[in-house]
Amino acid sequence: MSTQSDLAETTRLEAFSDGVFAIAITLLVLELHNPELEEGQRLWPALLDEWPQFAAYLTSFAILGVMWVNHHSLFRQIQRADRGLMFLNLLLLLWATLLPFPTSLFAEHLRDDSINASIAAAVYSTNLTLAAIAFSLIWWHVLRKHLVEHNMTNAQVRRSLLRYSIGTLIYAACIGLSFISAQATLLVVFLLAVYYGFEQLRTRA
């Protein structure tokens, strides 16, 4: 167990994380561009033709938004932070800030009939899988190091870890799904964001 001198308040860690999430979400919108119109072409059909960019943007916005909400819920439970938690939080932020790149890649190739669409979807799903792993590691770490106050039994702890980590398995499965249907992959990860929109942590009343 960490000694008192090894522990710190979580305020600075949360403030830093909030800023990083805000930047990552802002970077997503920079990939949306005005459609190029041919002479005599109407704007509405051109906008509809940009649906992959909008679909990828909305999905990634939902994922990052829910990730930020759950990060807030998680740190509402945490009393103190140790160095291990700080580094695991940085690991999570690494994958969060990377998400705009695979989002852009996915949007660019979503309509392709070639292997490029599958590769782009697999890169996107891998990014989300690694972010989910980082989230699970944070929750596992705070429970193991007693950085969170709770009255859960060992069975309840295991169930909370399983519930909180189920997305990792689904995201990993989406890597394989990417080579079957890139569009189905985008739908599944969006639905998973909806799932994680519901509270996953209930350790404190």
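Residues numbered from 1 in each chain as written. Predicted model: local features only at pLDDT ≥ 70, side-chain atom pairs only at ≥ 80, totals over all residues. Heavy atoms only, no water.

**Student:** Let's hear about the overall build of the protein: which residues, and what values?
**Tutor:** Helix and strand counts for the protein stand at eight helices and zero strands. Across the protein, helices and strands are ordered from the amino to the carboxyl terminus as α-α-α-α-α-α-α-α. Sorting the 205 residues of the protein into buried and exposed places 42% on the buried side. Taking the contacts inside the protein whose residues are at least 6 apart along the sequence as the reference set, 80% of them involve residues at least 24 apart. (Helix = DSSP H or I, 4+ residues; strand = E, 2+ residues; numbered from the N terminus. Buried < 20%, exposed > 50% of the residue type's maximum accessible area, 1.4 Å probe, protein only. Contact = heavy atoms within 4.5 Å.)

**Student:** Describe the nonpolar core, naming the residues involved and giving the relevant values.
**Tutor:** Nonpolar side chains in soluble globular proteins generally cluster together in the buried interior. In terms of nonpolar packing, the biggest core is built from 49 residues, with Leu64 and Met67 touching the most fellow members. Elements with a contribution of two residues or more to this core: α1 (11–29), α3 (51–77), α4 (83–98), α6 (115–144), α7 (154–177) and α8 (182–196). At 13 residues, α6 tops the list of elements feeding residues into this core. In contact with Leu64, not counting residues within four places along its chain, are Phe21, Ala24, Ile25, Leu28, Ala96 and Leu99. (Core = buried A, V, L, I, M, F, W, Y, C linked by side-chain atoms within 4.5 Å.)

**Student:** Help me get a handle on the confidence of the model for the protein, residues and values and all.
**Tutor:** Confidence along the protein averages 86 in pLDDT terms, with 90% of residues attaining 70 or more. Mean pLDDT per element in the protein: helix α2 (residues 43–48) is the minimum at 74, and α4 is the maximum at 96. (pLDDT = per-residue confidence, 0-100.)

**Student:** How would you summarise the environment of Leu13 if you had to cite specific residues and measurements?
**Tutor:** Mapped onto the fold, Leu13 is located in helix α1. Sequence spacing of Leu13 and Met86 is 73 residues, and the spatial spacing of their C-alpha atoms is 7.3 Å. Those residues in contact with Leu13, other than ones at most four positions away along the chain, are Phe75, Ala81, Met86 and Asn89.

**Student:** Describe the packing of aromatic side chains, with residues and values.
**Tutor:** Centre distance and the angle of the planes are the two values used to describe a pair of aromatic rings. A full pass over the atoms with the stated rule returns three aromatic pairs. Judged by centre distance (5.0 Å) and plane angle (50 degrees), the rings of Phe106 and Tyr124 are tilted. One end of the pair, Phe106, is in helix α5 (residues 100–109); the other, Tyr124, is in helix α6, and 18 residues separate them in sequence. No difference in accessibility class separates Phe106 from Tyr124, as the two residues are buried. (Phe/Tyr/Trp six-rings, centres within 6.5 Å; stacked < 30°, edge-to-face > 60°.)

**Student:** Describe the environment of Ala117, with residues and values.
**Tutor:** Relative to the helices and strands, Ala117 resides in helix α6. A relative accessible area of 4% places Ala117 in the buried class. As for Ala117 and Ala182, which are separated by 65 residues in sequence, their C-alpha atoms are 6.1 Å apart. Excluding residues within four positions of it along the chain, Ala117 makes contact with His109, Leu110, Asp112 and Ala182.

**Student:** Describe the packing of α4 against α5, naming the residues involved and giving the relevant values.
**Tutor:** Angle between the axes and distance between the axes: these two values describe a pair of packed helices. At their nearest, the axes of α4 and α5 sit 5 Å apart, and the two run at 30 degrees to each other. Across the interface between the two elements, Ala96, Thr97 and Leu98 of α4 pack against Pro100, Phe101 and Pro102 of α5. For the contact of α4 with α5, the class distribution of residues is five nonpolar, one polar and no charged. (Axes fitted to C-alpha atoms, helices over the stretch in contact; angles between N-to-C directions. Nonpolar A, V, L, I, M, F, W, Y, C, P; charged D, E, K, R; others polar.)

**Student:** Outline the packing of α3 against α4, supporting the account with residue identities and numerical values.
**Tutor:** At a closest axis distance of 12 Å, the pairing of α3 and α4 adopts a crossing angle of 170 degrees. Here α4 runs roughly antiparallel to α3, going by the angle between their axes. Contacts between α3 and α4 involve Leu64, Met67, His71 and Phe75 from the first element and Leu85, Asn89, Leu92 and Ala96 from the second. (Parallel < 35°, antiparallel > 145°, perpendicular 65-115°, else oblique.)

**Student:** Got a sec to walk through a nonpolar patch on the surface? Specific residues and values, please.
**Tutor:** On the surface, a cluster of nonpolar side chains totalling about 540 Å² of accessible area is made up of Leu98, Phe101, Ile115, Ile119, Val123 and Phe179. Counting residues per element, the nonpolar patch draws most heavily on α6, at three residues. Positionally, Val123 belongs in helix α6. (Patch = residues over 30% accessible without salt bridge, like charges linked within 9 Å, V, L, I, M, F, W, Y side chains within 5 Å. Areas by Shrake-Rupley, 256 points an atom, 1.4 Å probe, with all protein chains shown as cover. Salt bridge = Lys/Arg side-chain N within 4 Å of Asp/Glu carboxyl O.)

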